[in-house]
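A closer look at the structure
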Amino acid sequence: MVINPQTLRGIYVAFNTIFNKALTEVQPMYTEVASVIPSTTESETYAWLGDIPGMREWIGDREVQNLTASGYVIRNKDFELTVGVDRNAVEDDKLGLYNVSIQMLAQSAAAHPDELIFKLLASGFTEKCFDGQPFFSAAHKIGEKTVSNMSHAKLSMDAYIKARTALMSLTNSKGRALNLVPDKLIVPPALEKEARDILVADFVNGTKNTMQGTAKPVVVPQLAGHDSMWFLLCTNRPVKPLIYQQRKKAKFVSKTQETDENVFMKKQFLYGADSRGNAGFGFWQMAFGSDGTGASN
């Protein structure tokens, strides 16, 4: 194959087509637990995170619910993945060997938000959220009350029921029920059986399973290595418990000019994907987490 600008343009178009097709074929999991928030600058401040207000009877003037400026900031980060194609492969018409590499590049780019979101979820016992406490903490404040959204219990039917009760019993600072009904049980692969026993099985120890269908079990490969952790989330509100802040979607790019150093010095054409964004915490009230290091209930 003769290498010229037209040839290189044709290769880019072909690889870009493969990339975009593979990108759409991936079904990432992060959208199940995270709200996708567009970003237009280097960082975003989530001043609206705080108490969750409720409707009241209109007596007298309106009562303005002032949103506390939490100062919780999510800063965008740059991400990239690059593959090199040897110039000889182009000259020898062996580009087909690289199609799989481009497909894997796209799949990695599409799944990258999963890595960010579930890594953040696993770090929620130490990483702080908008109120200055770890996302999963026994010291959250609602008005004058101290509230916990964490435990050390291993995943079991009793532990699940207690977590579900804790979330559903939350009120706002004025004592009004938040009406949060958890709908997702997030577990690592090591706890898939336990999660399905709790939420899918018809019977538990010969007794009708009254918790069947109360939430959806979601098994997350990215949580491998955190084998005792489990998380109960409410994801059926306009804002989910986690935030994926999207500054720029993954885009296919190339560096293939004859004058580019990689081509001139290393006879290598570069193709890659880059994106900008980050993950952050939303309302801790919508999540309950256990590190699973304690007893089973």
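Scroll up to find the structure.
Residues numbered from 1 in each chain as written. Predicted model: local features only at pLDDT ≥ 70, side-chain atom pairs only at ≥ 80, totals over all residues. Heavy atoms only, no water.

**Quick look at the nonpolar core**
- Core analysis: the biggest nonpolar cluster contains 60 residues, and Ile117, Phe118, Leu185, Ile186, Trp230, Phe231 and Leu242 have the highest contact counts within it.
- With six residues, helix H3 (residues 99–122) is the single largest residue contributor to this core.
- Ignoring any residue separated from it by four or fewer positions in sequence, one finds Phe118 in contact with Met29, Tyr30, Val33, Ile186, Val220, Gln222 and Leu223.
- One finds Ile3, Phe15, Leu105 and Ala273 within the second-largest nonpolar core, a separate group that totals 21 residues. (Core = buried A, V, L, I, M, F, W, Y, C linked by side-chain atoms within 4.5 Å. Buried < 20%, exposed > 50% of the residue type's maximum accessible area, 1.4 Å probe, protein only. Helix = DSSP H or I, 4+ residues; strand = E, 2+ residues; numbered from the N terminus. Contact = heavy atoms within 4.5 Å.)

**Some thoughts on H3**
- The terminal C-alpha atoms of H3 lie 34 Å apart, and with 24 residues this matches the ideal 34 Å at 1.5 Å per residue to within 8%.
- Considering bend angle alone, the principal kink of H3 is centred on Ala111 and spans about 40°; proline Pro113 follows within four residues of it. (Expected span 1.5 Å × (residues − 1). Bend = angle between axes of the 7 residues up to and from the residue.)

**Brief notes about the layout of surface pockets**
- Size it by volume and the second largest pocket reaches roughly 380 Å³.
- Of all the secondary structure elements, the ones that give two or more residues to the lining of the second largest pocket are strand S3 (73–75), strand S4 (77–86), H3 and strand S14 (268–281).
- A total of four residues in the lining of the second largest pocket trace back to one element, the largest contributor, which is S14.
- Residues belonging to the lining of the second largest pocket are distributed by class as follows: eight nonpolar, three polar and five charged. (1 Å grid on protein atoms, 1.4 Å probe; cavity = no way out; pocket = protein on both sides within 12 Å on 5 of 7 lines; lining within 4 Å. Points joined across faces, edges and corners; volume = space filled by probe spheres on them. Nonpolar A, V, L, I, M, F, W, Y, C, P; charged D, E, K, R; others polar.)

**Focus: the sheet that holds strand S13 (residues 242–255)**
- Strand order in the open sheet made by the four strands is S1-S13-S14-S4, with mixed pairing throughout. Each of the sheet's edge strands pairs with one partner strand only, and the pair in question is strand S1 (34–38) and S4. Across the sheet, the axes of successive neighbouring strands diverge by a mean angle of 30°, strand direction being ignored.
- Relative to S13, S1 is paired through five bridges, and the arrangement is parallel. Looking at the pairing, Ala34 lines up with Leu242 of S13.
- Contacts between helix H1 (residues 5–25) and the sheet are confined to S4, S13 and S14, with S13 contributing the most and set at about 155° to the helix.
- Where H3 meets the sheet, it contacts S1, S4, S13 and S14, and its direction lies at approximately 20° from that of S14. (Pairing = 2+ DSSP bridges. Axes fitted to C-alpha atoms, helices over the stretch in contact; angles between N-to-C directions.)

**As for the pattern of salt bridges**
- Under the definition given, this model contains 10 salt bridges.
- Among the ionic pairs, Lys21 bridges to Glu25, the shortest N-O distance being 2.5 Å. You can see Lys21 and its partner Glu25 sitting in helix H1, four residues apart, about one turn around the helix.
- Lys21 sits in the exposed class, given a relative accessible area of 52%.
- Residue Lys248 pairs with Asp274 through a salt bridge whose shortest N-O separation is 2.7 Å. Of this pair, Lys248 sits in strand S13 while Asp274 sits in strand S14, and the two are 26 residues apart along the sequence.
- On the accessibility criterion, Lys248 (35% relative accessible area) is partly exposed.
- Overlapping salt bridges bring together Glu32, Lys184 and Lys216 as one network. (Salt bridge = Lys/Arg side-chain N within 4 Å of Asp/Glu carboxyl O.)

Functional significance is not addressed by these values, which are geometric in nature.
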